[in-house]
Amino acid sequence: MTETEMRGQMIDTTARPWAAYPLLPGLALSFGLALAAVALQRTLGVAGLSPLVLAMVGGMALRNLGRVPFTAQPGIQFTLKRILRAAIVLLGFQLTLTQLAAVGGRGVAVIVVTLGATFVFTKAMGRVIGVERRLAELIAAGTSVCGASAEIACNTVTRGSDEDVAYAIACVTVFGSLSMLLFPALGGMLDLGATRYGLWAGATIHEVAQVVAAAFARGEAAGHAGTVAKLSRVILLAPLILSLGALAARRGDATGARAPMPWFAFGFIAVVLLNSAIALPADWHARIATGTSFLLTMALAAMGLETDVRRLRLRGLRPLVLGALAWLFISALGLGLVQIV
């Protein structure tokens, strides 16, 4: 490189500071959207309205209005990959094996059977009604495990498009919100006790925030039962990701493609075990939980920044029908199992 070229490069870096730090624009944009989403949720005061969804919608608005600069792409991709995986590992600090034991053998059985059956049912119905495999898999993960967090985690091995993830998140937002509104009334009509109602809500409603809102609507005992059941269900995210990774590896062997290895799932399991063995101070847990939630919100903001609404429309209504069928299935199955046990 000549002296003139070196001088030009230095001038270019000075004129554009992000040239020396290529991740900075995208990270700043994702961070700003996440911060705005958290502030908006707190201002509105609606417990069931997730900042994750607000951040994704904000990112989609910027992307489709043509407001995302090209220089933001490296940081957006970094957020979608590295920051997302780090957040999933940190989720392990919100879970312990003691919580799983508190649900009891029958409660664990309800959660495992409901999750597994819902995932298999949704995948099968996706084939029946003609929903593309990756999108059906994401809707199945979001419905059976834990909403948007499960979808963006599972997509690391499913490898669907950003539009697939956005559509799947829209499904769990719509139907999870319906559960949040309908379950308290249905719980009263069916005369479910606090523990059974909480288990039903925790085993079937999509998002953690939606479970908390629906469960505590029937009292504190139901709220605690629902929260513990939901967190126990989240523990099963790691086995699901590893199973999907194994299936992807088998398909990769058949096609010659490189199979993904979800190492972060092992990190998640390790953190759950660590959190079960070592009692961290309560304020540490609160800070880690807040930080984890914010990192996930950044990841959803980045997802929105990569989502083209025009491509989203091309999916049609079939995935929405699949989301509705999955919602009805998990709600009915969970209710039946809760009443049996």
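Above this text sits the structure in question.
Note that the structure is a prediction, hence the values are computed from the model and not measured. Here, residues in each chain are numbered from 1, in the same order as that chain's written sequence. Selection of residues for local features in this predicted model requires a pLDDT of at least 70, selection of side-chain atom pairs for listing and counting requires 80 or more, and totals for whole chains, interfaces and linings are taken over all residues. No hydrogens and no water enter the side-chain calculation; it runs on all heavy atoms of the structure.

**Q** Just to check I follow, could you spell out the overall build of the protein chain for this structure?
**A** Scanning the protein chain for helices and strands turns up 15 helices and zero strands. Each residue is placed in one exposure class: buried if its accessible area under a 1.4 Å probe, protein chains only, is under 20% of its type's maximum, exposed if it is over 50%, and partly exposed if it falls in between. When each of the 341 residues of the protein chain is scored for burial, the buried share is 46%. Within the protein chain, contacts between residues separated by at least 24 positions form 81% of all contacts whose residues are at least 6 apart in sequence. Helix and strand assignments follow DSSP, with helices taken as H or I runs no shorter than four residues and strands as E runs no shorter than two, numbered in order from the N terminus. Note on definitions: a residue-residue contact is assigned when non-hydrogen atoms from the two residues lie within 4.5 Å.

**Q** Mind showing me how you'd approach the nonpolar core here?
**A** Soluble globular proteins tend to pack their nonpolar side chains together in the buried interior. Within the largest apolar cluster, 62 residues are counted, with the highest numbers of intra-cluster contacts made by I152, I169, L237 and I241. If you tally residues by element for this core, the top one is helix α6 (residues 133-158), at 14 residues. Ranked by size, the runner-up nonpolar core spans 18 residues in total, among them L192, W200, A203 and L337. Definition used in this section: a nonpolar core is a set of buried Ala, Val, Leu, Ile, Met, Phe, Trp, Tyr and Cys residues joined via side-chain atoms within 4.5 Å.

**Q** Please explain helix α12 (residues 263-277) as it appears in this structure.
**A** For a helix, the expected span equals 1.5 Å multiplied by the residue count minus one. Between the first and last C-alpha of α12 there are 21 Å, a value that for 15 residues agrees with the 21 Å anticipated at 1.5 Å per step. Every buried residue belonging to α12 is among F264, A265, F268, V271, V272 and N275, and all of these are buried. Looking straight down α12, one finds its buried side chains confined to an arc of 120°; they lie on one side. Set apart from the buried face of α12 by more than 90 degrees, the exposed residues are W263 and A277. By arc we mean the arc of the directions from the helix axis to the C-beta atoms, nothing more.

**Q** For this particular structure, what's the right way to read the pattern of salt bridges?
**A** Any two side chains of opposite charge can pair if their charged atoms end up close together. Basic side-chain nitrogens of Lys or Arg form a salt bridge, by our definition, when they fall within 4 Å of a carboxyl oxygen of Asp or Glu. Taken as a whole and judged by the stated rule, the model has five salt bridges. Between E137 and K123 there is a salt bridge whose closest N-O contact spans 2.8 Å. In this pair, E137 is assigned in helix α6 and K123 in helix α5 (residues 97-129), connecting sequence segments 14 residues apart. We note that E137, like K123, is buried.

**Q** Looking at this structure, I do not really get a nonpolar patch on the surface. What am I missing?
**A** Patch membership requires over 30% relative accessible area and the absence of a salt bridge. Like charges are linked within 9 Å, and nonpolar side chains (Val, Leu, Ile, Met, Phe, Trp, Tyr) within 5 Å. Here the Shrake-Rupley method, with its probe set to 1.4 Å, supplies the accessible areas, and only the displayed protein chains count as covering residues. The grouping of V174, L178, L181, L182, L186, M189 and L190 at the surface amounts to a nonpolar patch, some 630 Å² of accessible area in total. Its location among the elements puts L186 in helix α7 (residues 162-189). Accessibility expressed as a relative area gives 32% for L186, which makes it partly exposed.

Everything listed here is a matter of coordinates, which is why it stays silent on function.
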